[in-house]
Structure formats: C-alpha cells, structure tokens
Amino acid sequence: MNGLRRTLVVCFSAVVAIGAALVFLPIAAAFDPALRRTGAAFADYLLYLLARSSIDDGSALAGAELARFVWTAAVAVCVAPLALVVAVGEVARVRSALWYIGGTGLIAAAAPWIARAAFQTSRAVSASPEELRFALVFFLTGAFAGWIYWLLAGRGGSDPKIIPN
C-alpha cells in the first residue's frame, strides 16, 4: 500500500511541477529582454503565417512546424529534465532539495546543447551571449520545477512519520 501511495504522490507532484514550469517559463522569458525579442519575433512570424493561411495553404504547414518546435522546446525544458531527475531520485531514494532543484535546473539549462549533440551539429560546444541568457532562464525554470516537486514529494518521501498509514 505504501508503494501505491508513493507512486500516486510522485505522479501528482510531477504533474503539478511540470504545470508550474510551463507557467513559469513564459513569465521568466517576458522579464528578459533577449527572450522577449525572440518571443515577439515568433509572434510576428505566427501572425504572418496566419495571414498567409487564408491566401495560401502551404503556410498552414509552416505554422504546424512552428507549433511543433515550440512544443518540443517546452517538453525539452519543462518535462524531460524533471522526469529524468525524478526517476533517478526515486530509484535511488534521494530526498535532497539540492538533487531535485539543481539536477533539474542543470539538465534544463543543458537541453539546447544536448539537442545539438544529438543531431551532431557543428555548434554543439559553443554558445553566444544570447544563448547563455536562454540557458539561465531554462535553468531557473528547471530549478523552479524541481523545487515544486521537492516541496510536494521530495521532503521526507516514504518516511512513515511524514505519510501516515
């Protein structure tokens, strides 16, 4: 029964933390001027595609590609790092806030470089100042998600004093 209870707590906490990260990321991006300019460029491009979609059917496909890119980036920054850290933390029974906050933040910040290495691009090890600002926002998003998860499920874990029978 404790295993089932722990599984439910972990799943619920992960879903809440991922939702919090998905809310935190655009808010944090709005406070950074470089990310705000990038978001405005995405919005301009999306409006352009929507305007062209009534004229030309080919631009609707480009809009779907843009939506897929945004979805992939959100999963790579908000979902995958937390899922990896939670899986390792639960198997190893780690209850440290440093593990959940720091690990999720570091993996989220490294997501662009991990993707570049996976696709074997030539720029897998370099970074511009703008990319470092993205990495900082991604780190903060991951750290926030890890903190929310740790608050809900990480502290005390399966300690019988914390979770009564």
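Reading the values: the criteria
- Residues numbered from 1 in each chain as written.
- Predicted model: local features only at pLDDT ≥ 70, side-chain atom pairs only at ≥ 80, totals over all residues.
- Heavy atoms only, no water.
- Helix = DSSP H or I, 4+ residues; strand = E, 2+ residues; numbered from the N terminus.
- Expected span 1.5 Å × (residues − 1).
- Buried < 20%, exposed > 50% of the residue type's maximum accessible area, 1.4 Å probe, protein only.
- Axes fitted to C-alpha atoms, helices over the stretch in contact; angles between N-to-C directions.
- Parallel < 35°, antiparallel > 145°, perpendicular 65-115°, else oblique.
- Left-handed = near helix turned anticlockwise from the far one by under 90°.
- UniProt positions renumbered as here; feature names shortened; annotations may be inferred.
- Phe/Tyr/Trp six-rings, centres within 6.5 Å; stacked < 30°, edge-to-face > 60°.

K.L.:
Can you tell me about helix H1 (residues 2–31), naming the residues and giving the values?
P.N.:
Since there are 3.6 residues in each turn of an α-helix, residues three or four apart along the chain are aligned in direction. Between its first and last C-alpha, H1 extends 43 Å over 30 residues, near the 44 Å set by a 1.5 Å rise per residue. All of the buried residues in H1 are Arg6, Val10, Ser13, Ala14, Ala17, Ile18, Ala20, Ala21, Leu25, Ala28 and Ala29.

K.L.:
Go over the packing of H1 against helix H5 (residues 129–154) with me, naming the residues and quoting the values.
P.N.:
Between H1 and H5, the least distance of the axes is 8 Å, while the angle of their chain directions is 150°. Here H5 runs roughly antiparallel to H1, going by the angle between their axes. By crossing handedness, the relation of H1 to H5 is classed as right-handed.

K.L.:
How would you explain the environment of alanine 40 if you had to name every residue and give the values?
P.N.:
Take alanine 40: it is sitting in helix H2 (residues 33–53). For alanine 40, a relative accessible area of 39% translates into the label partly exposed. Placed 10 residues apart in sequence, alanine 40 and alanine 30 show a C-alpha to C-alpha distance of 9.9 Å.

K.L.:
Just give me the short version of the UniProt feature "transmembrane region" (unreviewed entry) in the protein, but keep the residues and values in it.
P.N.:
UniProt feature "transmembrane region" (unreviewed entry): in the numbering of this structure it lies at residues 69–88, 97–114 and 134–152. The span residues 69–88 is 100% helical and 0% strand by assignment, and the distance between its end C-alpha atoms comes to 27 Å. Between the end C-alpha atoms of residues 134–152 there is a gap of 27 Å, over a span that is 100% helix and 0% strand.

K.L.:
I'd like a rundown of the packing of aromatic side chains, residues and numbers included.
P.N.:
The geometry of an aromatic ring pair comes down to the distance between the two centres and the angle between the two planes. As enumerated under the stated definition, the model contains 4 aromatic pairs in all. Here the aromatic rings of tyrosine 100 and tyrosine 149 are separated by 5.1 Å at their centres, their planes lie at 50°, and the arrangement is tilted. A residue pair is termed long-range when its members are at least 10 positions apart, and tyrosine 100 in helix H4 (residues 97–118) and tyrosine 149 in helix H5 qualify at 49 residues. For tyrosine 100, a relative accessible area of 0% corresponds to the buried category. By relative accessible area, tyrosine 149 is classed as buried at 0%. Consider the rings of phenylalanine 144 and tryptophan 147, whose centres lie 6.1 Å apart with planes at 40°: the pair is tilted.

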